[in-house]
Amino acid sequence: MSEIRKVAVIGAGVMGAGIAAHVANAGIPVLLLDIVPPGAGNRNIVAGTAVEKLKTADPAPFMSPKAARLVETGNIEDDLGRLAEADWIIEAVVERLDVKQALYARIDAVRRPGTAVSSNTSTIALEKLTAGLPDGFRRDFLVTHFFNPPRYMRLMELVTGPETDTALAGRIAGFADRVLGKSVVRCKDRPGFIANRLGVAWIQRAIVEAIDLGLSVEEADAVMGRPFGIPKTGVFGLVDLVGLDLMPHISASLKAALPPGDAFHASNRDLPLIRRMIAEGYTGRKGKGGFYRLNRAGGGKVKEAVDLATGEYRASVKPEIEGLARGDLRALLSREDRIGRYAFRVMAETLTYAASLVGEASDDILAIDEAMRLGYNWKWGPFELIDRIGGAWFAARLTAAGFTLPPLLAGLGDRTFYRIADGRRQALSPAGTYADIVRPEGVLWLEDIKLAAQPVLKNGSASLWEIGDGVVCFEFTSKGNSMDADIMALLGRTIDLVEKKYRALVIYNEGPNFSVGANLGLALFAANIAAWGEIEKLVEAGQQTYKRLKYAPFPVVAAPSGMALGGGCEILLHADAVQAHAESYIGLVECGVGLIPAWGGCKEMLGRWQSAGKLPKGPMPAPARVFETLSVATVAKSAAEARDLLFLRPTDGITMNRYRLLADAKARALALAENYTPPKPFEVVLPGPAGKVAMTMAAEGFARRGIATKHDLVVAGELATVLSGGPADIIDTLGEDRILELEQEGFMRLVRTNATLARFESVLETGKPVRN
């Protein structure tokens, strides 16, 4: 068995159902089984109900409605024999060893020999799971620990035993990597593996120290959040997200499994406040609230937080902590006040525990850093954090505070855990020597390339890099990767250069978002000084640059990940091909900020919908469909959904693993470079003034229902003008340049309105446009 064509998941709880959904996202059929409740008329009701809940959950576990159709439900009484159809069987039932082992015996009786069987256990060692089971079962068994929610969390911990078939484990790892998009971290068979063992210890320590030192939950989250590269939820917000009721179960399991001398136990203490909150239904976001809640009494919506001393709720207060925003970790850890003592106590315990896990839970620092980056969304792993603090300073500070240093930290001296040598990133091994960090086959990082090279071209907002085989990579470097005049200027120079020297161009970056769109701050500044000519020049520059990209004599492949909005979406629309990360959120959102797409977005969407063959013939269906999408600033919530909306073509590629995106995009560019021919310009027939009336009437209907605002109608009118072809007659044929003219005219009328400028200001101040 070399290929995984079907997966079975047993256990339709939050994790099992989420894993099934994500396997389906990858296009793989899934059989989801659970128990038959006593007296149930519908014997598949548990699994069936789980899938129905997934369809409406937010954030969405499914990337598209098509994925949901790949999940078939059943039960373990009637359908267990169907496990013989599966190439991989994943157990995700309750964390009880007796329940799991009884199930394994039943699985072994019906599965095909050689079929992989894995457990999604988060705490139970593989050795215990397989004790007393047949040799053949132990050979095919492993632990595959997914993180919640499985679609969005990129980590999968893989644990094998001494008897596990290494080839089978390799197949599962490869499938999880390339097909499911996971970063597979191999762990030793120890309780809690890596991420939960360290992460739960960190959470426990952070909660205990906040209580002991008298910090508020807001203060603790401010300290244990962005300063250390941890999500702004901090620790109390994270527990609310995960669920307060889950934490005691994980802690109890780790307490029972870890040896008495393990540092985990020092912070694992019973907290009456948490017991009381769980008993009263305050289990976090899934319950009535947690450490934070929204009080909707009297029709309002007031954010409240628990007072850790009294256990009572009070209005949440944003803490004012001087110096916290500067990001100086050493200064924070050196503070003598309770803020500094809190930061030091929590991170001293956490980082020394991480160092003690090298050789115990993992063979190297790389796995531990990766597990915390992807399992807990830390920006920097523990050893990267120590490097940022300064290893020698931190070790001295720990010694002065009475800590016993783990050997890895004690032997660090003036060195760092990571270094750059000869243009390559290296990591310190437990033996005390440095070794190159080797990426898996098929993984190409621009970050690595930049260590050993200089940019071919560069300015303040973008740069161009050679990535081998005659391909260059254009990288946005502006704030939020927002589009501005410098990017357009460097793109123009890039087109000239690639035409002379290179085979293909890839547009890609390794920021959290591909591009958030045009730089509204610059546009607002220009508008405030009435520099309308400068704004018009930027619109023209964007139109002409994107047009040159589209018709360049070489292939252009765009490779987005994260948000690709507004002008960032428009550059995708003008590329020959897009290789998108599965978690790409693509949309033309200009209408939301009081504008219309004016760098060719309207034009390209009209061309796509008129030629797609999905709509009735005639001049009206395509403009109406584009109006429906653009007028409400629709954003695709996945690359798969972007295909349905035609922000991506059916032929555009989707890469599940973010680490493989650049290599896949480069391969696509090289394939296109063979006998490349630029596309031909298109023409469209649009409905004219009658079509505009129909579209504006639809918008007015929304206004009557209270959905659209007064200025929404103004924006919708300008959008309808472009999509209907302006004054064009229904028998006229319009070329691309004419639609660009209409885009520019409508954009310039809108940008001069006070209502649009008010939306700009609102977005820049709050992140959301005012509803005016």
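Below is a short write-up of the structure. (Residues numbered from 1 in each chain as written. Predicted model: local features only at pLDDT ≥ 70, side-chain atom pairs only at ≥ 80, totals over all residues. Heavy atoms only, no water.)

1. Some remarks on the environment of Lys 450
No. 1: Among the structural elements, Lys 450 can be located in helix α19 (residues 446-451).
No. 2: If we ignore the near neighbours within four places in the chain, the residues touching Lys 450 are Trp 465 and Glu 475. (Helix = DSSP H or I, 4+ residues; strand = E, 2+ residues; numbered from the N terminus. Contact = heavy atoms within 4.5 Å.)

2. Digging into the nonpolar core
No. 1: One finds Trp 202, Phe 228, Tyr 342 and Phe 383 to be the most contacted residues of the largest nonpolar core, which totals 112 residues.
No. 2: No other element matches the 11 residues that helix α14 (residues 338-356) contributes to this core.
No. 3: Non-local contacts of Tyr 342, meaning those with residues more than four positions away in its chain, are made with Ala 206, Glu 209, Ala 210, Leu 213, Leu 215, Ala 220, Val 223, Met 224 and Val 235.
No. 4: Core analysis: the second largest hydrophobic core is formed by 85 residues, Ala 531, Ala 716, Phe 747 and Met 748 among them. (Core = buried A, V, L, I, M, F, W, Y, C linked by side-chain atoms within 4.5 Å. Buried < 20%, exposed > 50% of the residue type's maximum accessible area, 1.4 Å probe, protein only.)

3. Remarks on helix α29 (residues 710-724)
No. 1: Helix length check: α29 (15 residues) gives 21 Å between terminal C-alpha atoms against 21 Å at 1.5 Å per residue, within 8%.
No. 2: The element α29 is extensively covered by neighbouring structure, given that 12 of its 15 residues are classed as buried.
No. 3: Those residues of α29 lying buried are His 711, Asp 712, Val 715, Ala 716, Gly 717, Glu 718, Leu 719, Ala 720, Thr 721, Val 722, Leu 723 and Ser 724.
No. 4: Tucked into the core, α29 has its buried residues touching α24 (601-611), α25 (621-630), α28 (689-704), α30 (736-751) and α31 (754-766). (Expected span 1.5 Å × (residues − 1).)

4. A short note on the sheet that holds strand β12 (residues 418-421)
No. 1: With respect to topology, three strands assemble into an open sheet ordered β12-β13-β14, the strand pairing being antiparallel. The open sheet has two edge strands, β12 and β14 (434-436), and neither has a second partner. Between one strand and the next, the sheet's axes are offset by a mean angle of 40 degrees, whatever the strand orientation.
No. 2: Looking at chain direction, strand β13 (residues 424-428) and β14 are connected through three bridges and run antiparallel. Paired with Leu 428 across the bridge in β14 is Tyr 434. (Pairing = 2+ DSSP bridges. Axes fitted to C-alpha atoms, helices over the stretch in contact; angles between N-to-C directions.)

5. Some thoughts on the pattern of salt bridges
No. 1: For the coordinates displayed, the defined rule picks out 56 salt bridges.
No. 2: The shortest N-O distance in the salt bridge between Glu 304 and Arg 293 comes to 2.7 Å. Note that Glu 304 is positioned in strand β10 (residues 302-306) and Arg 293 in strand β9 (residues 292-295), a separation of 11 residues in sequence.
No. 3: Between Glu 604 and Lys 550 there is a salt bridge, with the nearest N and O atoms lying 2.8 Å from each other. Of the two residues, Glu 604 is situated in helix α24 and Lys 550 in helix α22 (residues 532-550); the sequence distance between them amounts to 54 residues.
No. 4: A residue is classified by how much of its surface remains accessible, and Glu 604, at 5% relative accessible area, is buried.
No. 5: Taking relative accessible area as the criterion, Lys 550 reaches 8% and is therefore assigned buried.
No. 6: Overlapping salt bridges bring together Lys 6, Glu 72, Arg 82 and Glu 85 as one network. (Salt bridge = Lys/Arg side-chain N within 4 Å of Asp/Glu carboxyl O.)

6. As for the packing of α24 against α30
No. 1: Across the interface, α24 lies against α30 with an axial gap of 8 Å and an inter-helix angle of 135 degrees. Relative to α30, the element α24 is oriented oblique. Of α30, the residues touching α24 (which contributes Gly 601, Cys 602, Lys 603, Glu 604 and Leu 606) are Glu 736, Ile 739, Leu 740 and Glu 743. (Parallel < 35°, antiparallel > 145°, perpendicular 65-115°, else oblique.)

7. Some thoughts on a nonpolar patch on the surface
No. 1: Residues Leu 241, Val 242 and Leu 246 make up a contiguous nonpolar surface patch of about 230 Å² in total accessible area.
No. 2: Mapped onto the fold, Leu 246 is located in helix α11 (residues 246-257). (Patch = residues over 30% accessible without salt bridge, like charges linked within 9 Å, V, L, I, M, F, W, Y side chains within 5 Å. Areas by Shrake-Rupley, 256 points an atom, 1.4 Å probe, with all protein chains shown as cover.)

8. Focus on the pairing of strand β6 (residues 141-146)
No. 1: Buried residues dominate β6, accounting for six of its six residues.
No. 2: On β6, burial covers both faces: Phe 141, Val 143 and His 145 on one face and Leu 142, Thr 144 and Phe 146 on the other are all buried.
No. 3: Judged from the three bridges that link them, strand β5 (residues 116-119) and β6 form a sheet pairing that is parallel. Paired with Ser 119 across the two strands is Val 143, which belongs to β6.
No. 4: Here β6 runs beside strand β7 (residues 155-159); their pairing, made up of four bridges, is antiparallel. For Phe 146, the partnering residue across the bridge sits in β7 and is Met 156.

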